Structures are given as structure tokens and as C-alpha cells.
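As a plain string of letters, each chain reads:
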Amino acid sequence: MNPLRTCVILLLILPALGFADAIRQTKGDFYDAFRQLDVDLPTSNAYRTASGAPGSQYWQQRADYKIKVKLDESKRRIDASETITYINHSPDTLRYIWIQLDQNRHRDDSTARLTATSDEDQLSYRTLAAKHKFDDLEYGHEIISVADSEGNALEHKIVDTMMRIDLPTELEPGESNSFSIDWSFNMVQTDRIGGRNGYEEFDETDTYIYFLAQWFPRLAAYTDYGGWNNKQFLGRGEFALEFGDYEVEITVPEDHIVSASGELQNANAVLNKTQRERLREAKSAEKPVFIVTPEEALENEAEKATGTKTWKFRANNVRDFAWSSSRKFIWDAMTHEQDDADVPEVLAMSFYPNEAMPIWANYSTEAVVHTMEVYSRFAFNYPYPTAQSVNTWKRGGMEYPMITFNGYRPEPYESKKEDEAEDGVIDADENEDPTYTYSRNTKAALILVIIHEIGHIYFPMVVNSDERQWTWMDEGINTFLQKVAEYEWEDDFPQYGNKPLLDSISSYMTTSNQVPIMTQSDSVLQFGANSYAKPAAALTVLRETVMGRELFDFAFKEYAQRWKFRRPTPADFFRTMEDASGVDLDWFWRGWFYSTDHVDIAIKDVREYKISSLDPDKEIDFDRAEYETNHPEPVTQSRNREAGMTTRVERNDELRDFYNENDQFTVTNKDRNGYLDTLEGLEKWERDTLERALEDDDYIYFVDFENIGGLPMPLPLLITNDDGTNESLLIPAEIWRRNHKNVTKMLIREKAMKRIELDPHHETADADYANNSYPPRIRRSRIELYKSEDKKKDLMADMLEKLKETKTEEDGEGTNDVPLQQASE
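Residues numbered from 1 in each chain as written. Predicted model: local features only at pLDDT ≥ 70, side-chain atom pairs only at ≥ 80, totals over all residues. Heavy atoms only, no water.

Helix and strand content of the protein: 22 helices and 34 strands. Its C-alpha atoms give the protein a radius of gyration of 36 Å, clearly above 28 Å, the size a compact globule of 825 residues would have. Each of the three principal axes of the protein carries a C-alpha extent, and together these read 125 × 100 × 70 Å. Expressed as a percentage of its 825 residues, the buried residues of the protein come to 47%. Within the protein, counting contacts between residues at least 6 apart in sequence, those at least 24 apart form 75% of the total. Looking at the protein as shown, the accessible area adds up to about 44300 Å², and 47% of this sits on carbon and sulfur atoms. The protein carries 94 positive and 152 negative side-chain charges, and their two centres are separated by 2 Å. (Helix = DSSP H or I, 4+ residues; strand = E, 2+ residues; numbered from the N terminus. Rg over C-alpha atoms; globule rule 2.2 N^0.38 Å. Buried < 20%, exposed > 50% of the residue type's maximum accessible area, 1.4 Å probe, protein only. Contact = heavy atoms within 4.5 Å. Areas by Shrake-Rupley, 256 points an atom, 1.4 Å probe, with all protein chains shown as cover. Lys, Arg positive; Asp, Glu negative; His and termini not counted. Charge placed at Lys NZ, Arg CZ, Asp CG, Glu CD.)

Here it is, written out as C-alpha cells:
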């Protein structure tokens, strides 16, 4: 074929196939909410197929690490060295390698710190305390040396939180390169400076918990879709990493207990005989067994040994490595069994201080096992030998391969009683150990944060999505599964704000200060709602309402298994969910993930009809009754009659004529002839249809729906009939395909409807349920009376108030604002 002719043909047919910007709406105001998403997604190729699966030439890089690290507890400092072997599986030749230096986020000249902003004219104690920490000490990676495998120095350039290593020889496809880095850094006090790593100080006992993450120079990701991922770490957009094997030696004070990614290799050298026996017992235990008891942990933290021990760990096929160390740790463990030839048993473990008792001993390891039981059903068997939960701070959580850092502890409660004391209150005995209590919400928060963080070992630690670009791919998907696991933990599991997710998310989705879910992580507004809650709500709606559990669960598991130990993109997720389910979801992804529309669908009107017989003699009574219903007697006329007044015609019979005896509905012969002519004009099948309809005597309803929020959604309906029975009906979202704002649905029913309700079970995240019923419901609640307070200032009385004793120790969390005064000019 002539090449020029081929090009012309392609130019003609590509627009018809929906490529690029070929489809343009230039007439009218029609908006196609169901147009295909493929025109917006990356074009499929040999690396990533149009079905959402890895392609025949899919590749990803690999980096293996050997690390030696020492914790200098006196200086709160890390000194370490590593050897990295980088394997180039890409088809590209590489002249340099990019390394992530995440600790540099805390440097004085970092982009993260220089671009920090304030929303108001206020200064918190924590912000000011962080400033003091930065003034007192330098933070960030101190790169001591970068050398090749022969010990020769390598040229390198540090760019904020990244470092480029220039290779003396190009790294060809299929080749590997080994090099070493020596480095140090000062650890941050996390509750002052913030971040995902550092240490927590316990002032009362002068003890510490150290938790190390983003602590070593590690390879940036090199991908088929973006090349080097060298976007700077600003603190929010997390990580894109390569899989590899790790051998890590951790030297810490000899009385420390260490938890780390991977398996302990030298238990005989770091654990005593009793601890080793307990650990062997835990490997077959169905309930948590103490390896280090609470009493032993108390004794341990009181002694503060001066020597050191080196703990050796090995972690295979992981994308990161984290660890935690403390003399305060209690340690318990149990075994999770699974039907898996490679990993039949997983050792679930928890590490926590006595300050976390009893809630951690009761729930942490159980929550670890529960998470694996639930997530494995939806994705794949847990692929590693250990799963750990470590209490490293008071609240929140963070995830790494085989280890998670989790918060939430009980609070000490000091009992008080009325007494003869001068102020009427006497404190409990100062020597009495405090009783620790926890609220219902604290218990729920601990369980859910452990579920969430252990769940992250599946997403993104195994399904290795790019967190720096798309936070929702791990946080949103994981929050969705977290909610599934919460409901399998216990009924009525406490929810954030005491509302189920699909009821609470609408308050975010109706705000103006938001961006689409697909926004890059560092630019997201209202981060938690956008990247966690909204995508979790979307997937819940998708599973429970749009697709149904069977189709969703099959497709979701297919996605997880396709991309296990690989790096998916959003397009891979979207395409797999459609490919494996057979359900067109482009409208759903576009509405929930690419827009800021919300769900608010209203029932605007409902009209009831019966099939007309067309016979005027049969229809006359209905016509008259309908008219009287729609046009009641004029009030003047009715009140005249009530007052005893009579009309002129009533008083003078001679004024009556034909029209006084026959109203506008009286049937005439002309009407009857017209009816006969109509019947004669019907074809046989039409006449049979009319006769069948009159025999069935069904009710015909026209229901008007309005899409106020903009998101097209299925219409789950609950119909209450006149006889008191209920019926459910689910109308698919495709009802909006020709008009995404207003649609009318005809329902033909045997029974008369009394009421129709839209989304009665709150399964679509509708923002306004007041417009979801027809006829509208009266909303009933309670109102409390209030009494106004006199807030006038009485200076004389205020001066007579007794002065409180000055507190000498820090009080509270440091979250209050520093008092500011306008500077005088």
C-alpha cells in the first residue's frame, strides 16, 4: 500500500476510534459523563497492557543492600555504611544513578523547610520548639564517602533530598553496579520536629524509644513511565522504591531489644536462654506469648547497661528496611498460619513500653493477625515471615516491610477524693503507681491504626505503587480494606466522627477547598480526606452498590495478584477492575477520581397514572374526580353556601336549561363514535396490548431524578406500597448516560406506591438525604433549651481569686499557641 495513502487513512480513522482529542462537543450543552477514559489514560504498550496487566516486556530495577549501622545513644546519632548492588533491568543505558537522602528534609536549606507556610498569624509551642531544635543541632545526611567496589571515590552531587552518583562507566541493560556509601546523621526528636522517624523521650524515667525509617541512602525508582523519580521529598508525598535483599547489622546498647524488617539471624548472640525458649514457644502459639515480660522490661530500663550488642537481620525481596530499638520494650508474639507453600507460618509480634499496658498486650498482636486474615482473602497470602507492630509514639502510624510504627496508649489516671484539705481536694499518694485507663475511641484508634499499617505491607510494600505521585493508590486502597477489616473485628466498630464513612465523606466532598484524588501528593488539599477517606468511600460504593461483592472481589484480587511485587499505575488499576469484571467503570473513575463533583441526587417529582380504557362512558367518573381533585370548589362559592346564601338560578327554576343538567364531562355520541374510530384504527397487536393492560390494571409512575452534585450514581430505591409491603430496586448508573443532570424513570407496577426513597441504606455517599424521599419526610429530632450566661468581667472578684501553684514540668502536648503581641512601630 502507498505510505502516503496509509497516513491519510490513519488520519481519517483515528478520530473515529477515539484517540487524542478527536471527540469535541461544539453544539449544545450536552456533557458525556460516560465517555471512555482511554483517551485520557496512557497508551498501552509492551510494558503495560490495555487490560491492566504487566506486559510481555515489563521490567523493574533492583537494589540489594548490605548495611552496618550503630546507634550512639549518648548523642542520639546514627553512624553507618552500606554496599549497594544495583541491577539495571531496563532497556536503557544509565550514565548516573539517583539516591534518596530523606533526612535532608530537615536541613536548614531544604525545600521542605524553606517553603513551609502559615495559614494564620499564630505560632504553636511545637513549631517554636522545633525551631529551637534546629538552632541547636544540624540535621540531615552527612555523606562521608561514596566509592565504587574498588574503593575509588565516585563523583556525586547532592540536590536537596536527592544525590546523583555519576558512573565512570555506563551501566548497560542487564548489567549491575556495586558501590558503597558511608554516612551519619543526628536523629530528630519526633514529638518536637515531626516526621516518620527519630526518637521519643520519656522524661520521668530518662528513657527512650528509637525508631529508624528513611534512615539510609536508598535508590530512587527508575520506571518505564517516568524515568528517574527524583521529585524532592517535601514530607507528604511518600516513597517510590525498588525491591531487593537486605543484610543489616544493627549495633545498639546491650540492654536494648530491637525490632526490624526481616528475620533475626543471631538470636543466640542477642537473646538469653529464657527469651529464646519463649520465642520458640511463640512460633506455635495461638495466643500472644511474652518474649520479654512487662516486669523484665521495667528492670531492663532501670539498669541502663553501657556495653553494646549487634543484632543481625535479613529481609528478602523488600522495598525498604526500618527498625526500632529500646531498653523499654515488652515483646510478645504468636503465629499466624496460612495455606501457603512458601510462607506457611508468619510470626506476628508487638514491641511496646509499660506505658502502653494493658491495651497493647490485649490487642496489638491480635490486630496484626486479624489484618493478615482479612487482607489475604482480598489480595494474596502474606508473603513475609514476620509482621510487627511497634509502639513508637502516642498516636498515628507508619508502615515498612514487615514492621509498622504505631501510636495510641492509655493515659495515667490519678484518683482524687474530697478531703479536709484547704482547697477541698487531695491528690493520691505520690508513691502510688498510677492506674492507666483508655477511652473507647483510644482502643478503636489503636486497633484501626494497626490494621491500617499492617495492611500497608500489602499496599504498597508488595503491590509497589508510586506514593510520591499517587498517594491514594496505597492510602485510599488500604483505608478501604481497613474498613472491611474493622467491620469483621466487631459490629458497630467506632468510626471517625461517630459516623459511617459514607455518611461522613460528603461533608468533605461538598467543600470548595479540594482537588481531585488524582492530584500529585504534595499538592493535595485536605490530605486525609482526599487521599484516604474519599478513595476508600469510592471503593466501598463500587463494591457494595455499583459492581456487587462477587464481581468486585474477583477483580480486586486479580489486580493485587497481577501487581504483586510489581509497580502499578492508576491506569493499571482502573483497567484491571474493568477487564476482570466486565463492567464499564470509566464514568466512575472520571467522576470520583478526576473531578471534585459530589453525590447529591434528589427525587423531584412522582406522578401516578392508570391505563385509560379510552371508553368515554368508563372514563367519565375518573375525569370528573381528577378535575375536582386538581381544582377544588372556589372558597367564595363554598362560604356563600355555608352562610345560607342561594344563587339566582336556585331561586328561579326558569333560568335552568340543558347546561345546568349536563356538565363538561357529559359523554356525547360524538365522543362514543370517536372511541369506536380509535379502536378501529388500532392494529390487532395494539388492541391486544390495550386489552391486556386493562386486565392487568397496573399503576404507571413517572419519577423525576435530579443530579444536583454532578456525580452520576446508581439509584438504589426502596418502594413502600399502599398495603405496607416494601420492595427494593437498583437502577444502574447508566440511566444518566444521555443526560447527567435530569432523568425521568417510568415504573409499571401491580401495587400502588405510598412512598419512594432513594438510597435508604446510605450506600452512595449522598450529601443531602432530605431530598431523597417522595413525598418528603418530616425530619424529627430533639432540641435543648439553653440559658444565656452573663460574661461581664468583675475585676475586684478576679483579684480575690486564690493563685494556683506554679507548675515546674511541661504540661500537655505542646500544641497550644504561643501568645503573640503586635510589634509597635
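Let's shift gears to the environment of valine 270. Its place among the elements puts valine 270 in helix α5 (residues 267-270). The contacts of valine 270, once residues within four sequence positions are left out, are Leu264, Gln275, Lys309, Thr310 and Trp311.

Scanning all chains against the criterion turns up 51 salt bridges. Among the salt bridges present, the one from glutamate 238 reaches arginine 196, with a minimum N-O distance of 3.1 Å. Residue glutamate 238 is found in the loop between β12 (227-228) and β13 (244-253), and its partner arginine 196 is found in the loop between α4 (190-193) and β8 (198-202); the two are separated by 42 residues along the sequence. Here glutamate 238 matches arginine 196 in class, with each residue buried. (Salt bridge = Lys/Arg side-chain N within 4 Å of Asp/Glu carboxyl O.)

Strands sit in the order β31-β30-β33-β34 across an open sheet of 4 strands; the sheet is antiparallel. Unpaired on one side and paired on the other, β31 (726-731) and β34 (773-774) mark the two borders of the sheet. Where strand β30 (residues 715-721) and β31 come together, 6 bridges link them in antiparallel fashion. Paired with leucine 718 across the bridge in β31 is serine 728. (Pairing = 2+ DSSP bridges.)

So, about the packing of aromatic side chains. Counted according to the given criterion, the structure contains 56 aromatic pairs. Above the plane of the ring of tyrosine 208 lies arginine 76, whose end atom (NZ or CZ) is 3.7 Å from the centre. (Phe/Tyr/Trp six-rings, centres within 6.5 Å; stacked < 30°, edge-to-face > 60°. Lys NZ or Arg CZ within 6 Å of the ring centre and 35° of its normal.)

Turning to the sheet that holds strand β29 (residues 699-707), a few remarks are in order. With antiparallel pairing, 3 strands are arranged side by side in an open sheet as β28-β29-β32. A strand with exactly one partner marks an edge of an open sheet, and here the two such strands are β28 (601-610) and β32 (742-749). Averaged over all neighbouring strand pairs, the angle between strand axes comes to 20°, with direction disregarded. Where β28 lies against β29, 9 bridges are found, and the strand directions are antiparallel. Within the sheet, the bridge partner assigned to tyrosine 609 lies in β29 and is isoleucine 700. (Axes fitted to C-alpha atoms, helices over the stretch in contact; angles between N-to-C directions.)

The next point concerns the packing of helix α11 (residues 501-509) against helix α12 (residues 527-546). Across the interface, α11 lies against α12 with an axial gap of 10 Å and an inter-helix angle of 130°. Our classification of the angle between α11 and α12 gives oblique. Where α11 crosses over α12, the handedness of that crossing is left-handed. On α12, the residues touching Leu501, Leu502, Ile505, Tyr508 and Met509 of α11 are Ala529, Asn530, Ala533, Lys534, Ala536, Ala537, Thr540 and Val541. The residue inventory of the contact of α11 with α12, partitioned by class, reads 10 nonpolar, 2 polar and 1 charged. (Parallel < 35°, antiparallel > 145°, perpendicular 65-115°, else oblique. Left-handed = near helix turned anticlockwise from the far one by under 90°. Nonpolar A, V, L, I, M, F, W, Y, C, P; charged D, E, K, R; others polar.)

Locating glutamate 763 in the fold gives a position in the loop between β33 (753-758) and β34. You can call glutamate 763 buried: its relative accessible area is 18%. Apart from residues no more than four positions distant in its own chain, glutamate 763 is found in contact with Leu502, Val541, Glu544, Thr545, Pro716 and Tyr769. For glutamate 763, the side chain forms a polar contact with the side chain of threonine 545, separated by 2.6 Å. (Polar contact = N/O pair within 3.5 Å; in protein donor to acceptor, adjacent residues only side chain to side chain.)

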